[in-house]
Amino acid sequence: MPTSGKLLCTFFLICMGMGYVFSQLNVFFTYNRADGKAGLSLQDIIVTFYGQPGVLLIESKLKGAMREHLDNENDRNSLINWAKGGARKEKFSEIKGIIIKNCLRCHTAGGESAFAPFDKLSTVSDIFTRINYGVSVSRLITLSHIHMISIGVIFTLSGVIFLFTPINEKLKTALLIFPFGSLMLDIFSWWLTKLTPVFAITVLIGGVCTVVSFIIQFVISLLTMWTSSRKSLLT
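## A closer look at the overall build of the protein chain
Phase 1: Tallying secondary structure elements over the protein chain gives 9 helices and 2 strands in all.
Phase 2: Overall, the protein chain shows an N-to-C arrangement of helices and strands of α-α-β-α-α-α-α-β-α-α-α.
Phase 3: Relative to the compact-globule value of 18 Å for 235 residues, the protein chain shows a C-alpha radius of gyration of 23 Å, a clear excess of over 25%.
Phase 4: Scored against the burial criterion, the 235 residues of the protein chain give a buried share of 36%.

## Quick look at the nonpolar core
Phase 1: Of all hydrophobic cores here, the largest spans 19 residues; its most connected members are Leu79, Trp82, Ile95, Ile99, Phe118, Val124 and Phe128.
Phase 2: Listing elements by their share of this core, those giving two or more residues are α3 (57-63), α4 (73-84), α5 (96-102) and α6 (121-128).
Phase 3: Here this core gets 4 residues from one element, more than from any other, and that element is α4.
Phase 4: When neighbours within four sequence positions are excluded, phenylalanine 128 is seen to be in contact with Leu56, Ile58, Leu79, Trp82, Ala83, Ala87, Ile99 and Phe118.
Phase 5: Counting 15 residues, the second largest nonpolar core, distinct from the first, contains Ile45, Leu140, Leu143 and Phe214.

## Looking at unusual backbone geometry
Phase 1: Unlike most non-glycine residues, alanine 87 shows phi in positive territory, near 50°.
Phase 2: Residue placement: alanine 87 occurs in the loop between α4 and α5.
Phase 3: Residue classification places alanine 87 among the buried positions, given a relative accessible area of 5%.

## Here's the deal with the pattern of salt bridges
Where side chains of opposite charge bring their charged atoms close, a pairing between them can arise.
Phase 1: Following the criterion strictly, the structure yields 6 salt bridges and no others.
Phase 2: Here the residues in one salt-bridge network are Glu59, Lys63 and Lys84, joined through shared partners.

## Details of helix α7 (residues 137-162)
Phase 1: For α7, spanning 26 residues, the distance from its first C-alpha to its last is 36 Å, which sits close to the expected 38 Å at 1.5 Å a residue.
Phase 2: All of the buried residues in α7 are Leu140, Leu143, Ser144, Ile151, Gly152, Phe155, Ser158, Gly159, Ile161 and Phe162.
Phase 3: Contacts from the buried residues of α7 go to α1 (3-31), α2 (42-49), α8 (169-195) and α9 (200-226).

## Observations regarding the environment of serine 189
Phase 1: Its place among the elements puts serine 189 in helix α8.
Phase 2: Expressed as a C-alpha distance, the spacing of serine 189 and phenylalanine 49, which sit 140 residues apart in the sequence, is 9.7 Å.
Phase 3: If we skip the residues at most four places from it in the chain, serine 189 touches Met184, Phe199, Thr202 and Val203.

## Concerning a nonpolar patch on the surface
Phase 1: Where nonpolar side chains cluster on the molecular surface, the patch consists of Leu7, Phe11, Ile14, Met18, Val21, Phe22, Leu25, Val27, Phe28, Phe29, Leu40 and Trp226 and spans about 1100 Å² of accessible area.
Phase 2: Per element, the largest residue contribution to the nonpolar patch is 10 residues, and it comes from α1.
Phase 3: If you trace the backbone, phenylalanine 11 turns up in helix α1.
Phase 4: With a relative accessible area of 52%, phenylalanine 11 lands in the exposed category.

## Section: the packing of α1 against α9
Phase 1: Running from N to C, α1 and α9 cross one another at 160°; their axes reach a closest spacing of 11 Å. When the axes of α1 and α9 are compared, the pair comes out roughly antiparallel. Of the two elements, α1 crosses α9, and the hand of that crossing is left-handed. Along its contact with α1, which presents Thr3, Lys6, Leu7, Cys9, Thr10, Leu13, Ile14, Met16, Gly17, Tyr20 and Gln24, the element α9 presents Thr210, Val211, Phe214, Phe218, Ser221, Leu222, Met225 and Trp226.
Phase 2: Tallied by class, the residues present in the contact of α1 with α9 amount to 12 nonpolar, 6 polar and 1 charged.

## Some points on the confidence of the model for the protein chain
Phase 1: Of all residues in the protein chain, 97% attain a pLDDT of 70 or more, and the chain-wide mean is 87.
Phase 2: Mean pLDDT in the protein chain bottoms out at α6, which sits at 84, and peaks at α8, which reaches 95.
Phase 3: The model gives residues 229-233 a pLDDT under 50, and that stretch makes 8 contacts with residues more than four places away or in other chains.

## Brief notes about the packing of α4 against α6
The axes of two packed helices give the description: the angle between them and the distance between them.
Phase 1: Running from N to C, α4 and α6 cross one another at 90°; their axes reach a closest spacing of 9 Å. For the element pair α4 / α6, the angle class is roughly perpendicular. Mapping the contact onto sequence places Leu79, Trp82 and Ala83 in α4 and Leu121, Val124, Ser125 and Phe128 in α6.
Phase 2: In the contact of α4 with α6, the residues fall into 6 nonpolar, 1 polar and no charged.

Calculation criteria
- Residues numbered from 1 in each chain as written.
- Predicted model: local features only at pLDDT ≥ 70, side-chain atom pairs only at ≥ 80, totals over all residues.
- Heavy atoms only, no water.
- Helix = DSSP H or I, 4+ residues; strand = E, 2+ residues; numbered from the N terminus.
- Rg over C-alpha atoms; globule rule 2.2 N^0.38 Å.
- Buried < 20%, exposed > 50% of the residue type's maximum accessible area, 1.4 Å probe, protein only.
- Core = buried A, V, L, I, M, F, W, Y, C linked by side-chain atoms within 4.5 Å.
- Contact = heavy atoms within 4.5 Å.
- Salt bridge = Lys/Arg side-chain N within 4 Å of Asp/Glu carboxyl O.
- Expected span 1.5 Å × (residues − 1).
- Patch = residues over 30% accessible without salt bridge, like charges linked within 9 Å, V, L, I, M, F, W, Y side chains within 5 Å.
- Areas by Shrake-Rupley, 256 points an atom, 1.4 Å probe, with all protein chains shown as cover.
- Axes fitted to C-alpha atoms, helices over the stretch in contact; angles between N-to-C directions.
- Parallel < 35°, antiparallel > 145°, perpendicular 65-115°, else oblique.
- Left-handed = near helix turned anticlockwise from the far one by under 90°.
- Nonpolar A, V, L, I, M, F, W, Y, C, P; charged D, E, K, R; others polar.
- pLDDT = per-residue confidence, 0-100.

If you want it as structure tokens, here you go:
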């Protein structure tokens, strides 16, 4: 391969690698406090996908992922108590100021949490009285198709580069299939965890294998691309 081709493939892999790192950081910072404790754990995965049946969604969020956005404990308790009291209209004035000050920036049209708007009392009451059954089916469909297509395309493009590596053909085939299998395991496990929390471990395994498979392709592709030896590696 000419140097120009090597440079193109190298910078593509570097850009994809950096993007993948940022995506994993996004996963960590989005879900690592779902159970109210720092650090990504199986319980975070369970709370995210399966939920906490018997616990109000707003209570689960305010004690978990949303805790950092409302650090005043009295305000958190006021919202939780209003929700537990049935989110009654006549009591809304007691918590209206808290919502306007801390929630509307994201929970409104065009905000990061526009899928759960707080701009109408009827909507707020509905959301605050929901039980935490985990991520909704509609949201799970959105996440699944976005991740399956986008990451699948990334693995396809990196796989095309990996095809030209002079390694054992059987090993190459296995390493080309590995990331796609890991991706499907990860995403299908979201749905299974939605049904029963026991599959949370397969979400973790699928996620780890997806990252490892990309790293393997990344490293082998770059090493073989820039080494002068033409001999088949790992034969």
